[in-house]
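Report on the structure
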Amino acid sequence: MGQAAIARTITETEFRRTARAIAGNRTRLFLIAIALLIALGPMTAVGVLFLPELGERAAAGSLSASGTTTITEFVTGGTALLWLFLVVMAVMRAVTTTADVDKPAFLLLSTSVRNAVVGLVGAEIARFLTWVLLPAVVFAAAFASGAGTVVPVLVAPLFLVVIIATAVPVGFAVGVWVRHLITAYEPIAKYRTLLFAAFWVAYFGVIMTGGINEVAATLFRHLQASPLGWPGHLLLVGVPIIDSSMVAIGGAAVGSLLVVGAALAVGTAGARTHWFADAARTEDEPDPTVERGDDRLTGALSGVLTRPVRTVAVTAIRRTKRSPIRLAYVGYPLLGAIGFVQQIIESGTVPSFMVALFCLYVVWAAGALFTLNPLGDLGPALPAVVTSTLTGRQAIRGRIVAAALVAVPFAVVVPLVLGVVSPLSLERTGVLVAGTVVGAVATPALASGIGSAFPRFGSVSVTNNREAVMPSKTAFLVYTLAIALPAIAAAVLYLEAPETIAGLLRAATALTPLPEVEVSARAITIGSWIVLIGGLLAPPISYRYGVERFDWYDFE
C-alpha cells in the first residue's frame, strides 16, 4: 500500500469514528441540532431572503464602482478573518483532541509519523468541511438564483476547500507544539491548569469587553490586500459585474501549496517530538502548598466536626483540587451570562434583576458542587465506603460542609459587590447577602436527596478527551426546577404580580382558538405560596432521604 493510500485510510478511519461517536449519542445530536438552529437558523433565513436580490442587482449591473470596490474589500477582508478564525479553532482542536492520538502504540508502529499526521489532518479537514459546506452551498445557491448563473455554486465549495485545507495544517502545526509544552515540558506543564484558567479568563474577557470587535475591525482593514485575502477572489468569480484578480487567484493557489507543505513539515516534526516524549510527571507528585492547605483546613474543622464528617469534607475538596475538570458542569450556566456581563460593562451599572440572577446562580452552584451525585461520585470506592462504618448522616453532612466551605464566601462577596454597584439600597443588599448565604447552605442539603434518587455511576465525556463522573441529567433537571420554581413563586409574591399574571393569561387565551381559561389572581397567589412553602420544606426532607438512601443502599 502506497503512502498516500495509508494516509487516506487513516483519514477515513478517524472521520468514520467521529461520525459514529456523534450518531450514537442522541443527547449530543439533540444539542448539536439546537446549537445549529440557534447559530445558523437566523443567518440562513436572512441570507436566503436577501442574497437573491443582491444577485439580481449584480446581474443587472446596478452596482456602482464604489459598490463593487466595497464588495471586493468586504470579501477579501472577510476571507482573511475567516482563515485566522479557522486557524485558531484548529489550534484549539489540536491541543485538546487532534494531536492526542488514540491508541498511539498501534498507529505509530503501523506507519510513519508523516503518514499519521497527514491522515489526522485530512480527517480534521473533513470534519470542518462537514459543518460549513452545506450552509455555504445554500448561500451560494440563493445568490446564484438571483444572478442567473451557476458559477457561485461551483466556486463556493472550492473556496472553502482552499482556506480550510490551508488553515487546518497550520493550526495542527502550532497546536501540536503547544500541546507538547503543556503536557511534556515540565516547567510549563506544572502550571498548565493555571495557564488554561488564564487563557479562558482572557478569552471571555476580550469578548465581554468588546475588545474582540476592535481587533477584528483592525485586522479586517489591514488584511484585505494581504495574501490571506487572496482566496476571496475565488468567490468574486461568481459575481457577474466584478472582475476578480487572476493574479490573486494564482497567488492563492501557489501560496496554498507552499503553506500546506511547510505546515505539514513543521507539524510532523512537532508530532514526532511530542508523541515519543514522556509526559511531564506533575500529577503524581504531592503539592506542598495543597498539602499544607488541607492540613490547615483539617485543623480548623477538628474542633467543630467529628472525624468522619471532617474526613469526608476534606476529601471532597482535595479531590476537586486535584481534578478540577470534575466540576466543569458547574460553570456551564455562566456561558449564558456573557451577554449580561457585556451589558454591565457598557452601561457601567448592574441592573437589579441581574444581581438577583447572579445570586441565584451562586445558590444553585452551591448544591451542584459536591452533593448532586453523592453515591456515583464515589466511583470504584462505593462498595468499600457504603459497607464501612461511615453512616449516611456523616457522609451527607461531610459533603454539605464541603459545599458550604466553598460556596459561602462567594455567597457573601457576590451579592455584596453587585448590590453596592447596583441601584439596590443597602438594606436590600444586606437582605440579599443573608438570603444568598442561607441558600448556599440549604441547597447542598436539597441536592443530596435528589442526587441520591437519580445517581449516575458511569463517567461521561467532559471535553473531547477527558471524562469524569457527572450528575445525571434527571438530577440536574429536578434540582434546577426545585430551586427555580420557588424562586419564581417568591418573585411573584414579592412583586405583587398575581393580578398582572392573571390578566396576561386571559389575554393570551383570548388570542388562541382554545376555550378561555379563567385563572384568578387569588388562585395564582395560593399556588405561589404552596410552591414557595414546598421549596422551603424540600431541603430537610431531601437531606433525610439522602441519608436513608446511603444507609440502605443495595448494590443489586
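Structural notes, computed from the coordinates. (Residues numbered from 1 in each chain as written. Predicted model: local features only at pLDDT ≥ 70, side-chain atom pairs only at ≥ 80, totals over all residues. Heavy atoms only, no water.)

So, the overall build of the protein
On a plain count of helices and strands, the protein comes out with 21 helices and two strands. The burial tally for the protein puts 38% of its 556 residues in the buried class. A total of about 30,400 Å² of accessible surface is found on the protein, and carbon and sulfur atoms cover 70% of it. (Helix = DSSP H or I, 4+ residues; strand = E, 2+ residues; numbered from the N terminus. Buried < 20%, exposed > 50% of the residue type's maximum accessible area, 1.4 Å probe, protein only. Areas by Shrake-Rupley, 256 points an atom, 1.4 Å probe, with all protein chains shown as cover.)

Observations regarding the packing of helix α17 (residues 392-421) against helix α21 (residues 521-551)
Axis separation between α17 and α21 bottoms out at 8 Å; the angle between their running directions is 130 degrees. Taken together, α17 and α21 sit at an angle that is classed as oblique. In the crossing of α17 with α21, the sense of the turn from one axis to the other is right-handed. Residue-level inspection shows Gly 392, Arg 393, Ala 395, Ile 396, Arg 397 and Ile 400 of α17 in contact with α21, the latter providing Tyr 543, Arg 544, Gly 546, Val 547, Phe 550 and Asp 551. A per-class count over the contact of α17 with α21 returns six nonpolar, two polar and four charged. (Axes fitted to C-alpha atoms, helices over the stretch in contact; angles between N-to-C directions. Parallel < 35°, antiparallel > 145°, perpendicular 65-115°, else oblique. Left-handed = near helix turned anticlockwise from the far one by under 90°. Contact = heavy atoms within 4.5 Å. Nonpolar A, V, L, I, M, F, W, Y, C, P; charged D, E, K, R; others polar.)

Describing the pattern of salt bridges
Per the counting criterion, the structure on display carries seven salt bridges. A salt bridge links Glu 124 to Arg 93; the shortest N-O distance between them is 2.7 Å. Of the two residues, Glu 124 sits in helix α5 (residues 113-147) while Arg 93 sits in helix α3 (residues 65-98), which places them 31 residues apart along the sequence. Since its relative accessible area comes to 2%, Glu 124 is described here as buried. Arg 179 serves as the salt-bridge partner of Asp 100, at 3.4 Å between the closest nitrogen and oxygen. Of the two residues, Asp 100 is situated in the loop between α3 and α4 (104-110) and Arg 179 in helix α6 (residues 151-183); the sequence distance between them amounts to 79 residues. Relative accessible area serves as the criterion here: at 12%, Arg 179 is assigned to the buried category. Residues joined by salt bridges that share partners form a network here, namely Arg 93, Glu 124 and Arg 127. (Salt bridge = Lys/Arg side-chain N within 4 Å of Asp/Glu carboxyl O.)

Observations concerning the environment of Val 259
By the secondary structure assignment, Val 259 is in helix α11 (residues 246-275). On the basis of relative accessibility, which here comes to 33%, the residue Val 259 falls in the partly exposed class. Taking C-alpha positions, Val 259 is 8.9 Å from Ala 167, a pair spaced 92 residues apart along the chain. Apart from the residues lying within four places of it in its own chain, the contact partners of Val 259 are Thr 166 and Val 170.

Re α17
Because an α-helix completes one turn every 3.6 residues, residues spaced three or four positions apart along the sequence face the same direction. Taking 1.5 Å as the rise per residue, α17 with 30 residues should run 44 Å; its terminal C-alpha atoms sit 43 Å apart, in good agreement. In the structure, α17 departs most strongly from a straight axis at Ala 407, where the bend amounts to approximately 35 degrees and where the proline Pro 409 lies between one and four residues downstream. (Expected span 1.5 Å × (residues − 1). Bend = angle between axes of the 7 residues up to and from the residue.)

A short note on helix α13 (residues 307-322)
For α13, which comprises 16 residues, the first-to-last C-alpha distance of 22 Å matches the rise-based estimate of 22 Å (1.5 Å per residue) to within 8%. Listed in full, the buried residues belonging to α13 are Val 309, Arg 310, Val 312, Ala 313, Val 314, Ala 316, Ile 317 and Thr 320.

Topic: the environment of Glu 53
Following the sequence through the fold, Glu 53 ends up in helix α2 (residues 26-60). For Glu 53, a relative accessible area of 45% corresponds to the partly exposed category. Sequence separation of Glu 53 and Ala 147 is 94 residues, and the distance between their C-alpha atoms is 8.4 Å.

Digging into the side chain of Thr 166
If you trace the backbone, Thr 166 turns up in helix α6. Side chain to side chain, Thr 166 and Trp 83 meet in a polar contact 2.9 Å long. Within the structure, Thr 166 has its side chain in polar contact with the backbone oxygen of Ile 163 (distance 3.0 Å). Setting aside its immediate chain neighbours within four residues, Thr 166 contacts Trp 83, Ser 256, Val 259 and Val 260. (Polar contact = N/O pair within 3.5 Å; in protein donor to acceptor, adjacent residues only side chain to side chain.)

Remarks on the nonpolar core
Val 117, Val 121, Ile 163, Ile 164, Phe 172 and Trp 275 are the most contacted members of the largest nonpolar core, which has 38 residues in total. Only α1 (3-23), α3, α4, α5, α6 and α11 provide two or more residues apiece to this core. Sorting elements by how many residues they give to this core places α6 first, with 10 residues. Setting aside anything within four residues of it in sequence, one finds Val 121 in contact with Val 168, Pro 169, Phe 172 and Leu 264. (Core = buried A, V, L, I, M, F, W, Y, C linked by side-chain atoms within 4.5 Å.)

Overview of the side chain of Thr 79
Within the element layout of this structure, Thr 79 appears in helix α3. Look at Thr 79 and you get buried, because its relative accessible area is 2%. Thr 79 has contacts with Phe 159, Ile 163, Leu 228, Gly 229, Pro 231 and Gly 232, leaving out every residue within four places of it along the chain.

Thoughts on the packing of aromatic side chains
Scanning the entire structure with this criterion turns up four aromatic pairs. Here Trp 364 and Phe 476 contribute two aromatic rings whose centre-to-centre distance is 6.3 Å and whose plane-to-plane angle is 20 degrees, an arrangement assigned as stacked. Of this pair, Trp 364 sits in helix α15 (residues 352-370) while Phe 476 is found in helix α19 (residues 473-494), placing the two residues 112 residues apart along the sequence. (Phe/Tyr/Trp six-rings, centres within 6.5 Å; stacked < 30°, edge-to-face > 60°.)

Structural notes on the packing of α5 against α11
At a closest axis distance of 9 Å, the pairing of α5 and α11 adopts a crossing angle of 115 degrees. As judged from the angle between their axes, α5 and α11 are roughly perpendicular. Note that α5 runs across α11; the crossing there is right-handed. From α5, Val 113, Arg 114, Ala 116, Val 117, Val 118, Leu 120 and Val 121 reach across to α11, where they touch Leu 264, Gly 267, Thr 268, Ala 271, Arg 272 and Trp 275. Tallied by class, the residues present in the contact of α5 with α11 amount to nine nonpolar, two polar and two charged.

Things to note about a nonpolar patch on the surface
On the surface, Phe 454, Leu 477, Val 478, Leu 481, Leu 485, Ile 488 and Val 531 cluster together to form a nonpolar patch covering roughly 570 Å² of accessible area. It is α19 that provides the largest number of residues to the nonpolar patch, a total of five residues. Counting through the fold element by element, Leu 481 comes out in helix α19. With a relative accessible area of 41%, Leu 481 lands in the partly exposed category. (Patch = residues over 30% accessible without salt bridge, like charges linked within 9 Å, V, L, I, M, F, W, Y side chains within 5 Å.)

Remarks on the environment of Pro 455
Tracing the backbone through its elements, the reader meets Pro 455 in the loop between α18 (426-453) and β1 (459-461). Between the C-alpha atom of Pro 455 and that of Leu 372, which follows or precedes it by 83 residues, the distance is 8.2 Å. Setting aside residues no more than four positions away along its own chain, Pro 455 makes contact with Asn 373, Ser 472 and Arg 549.

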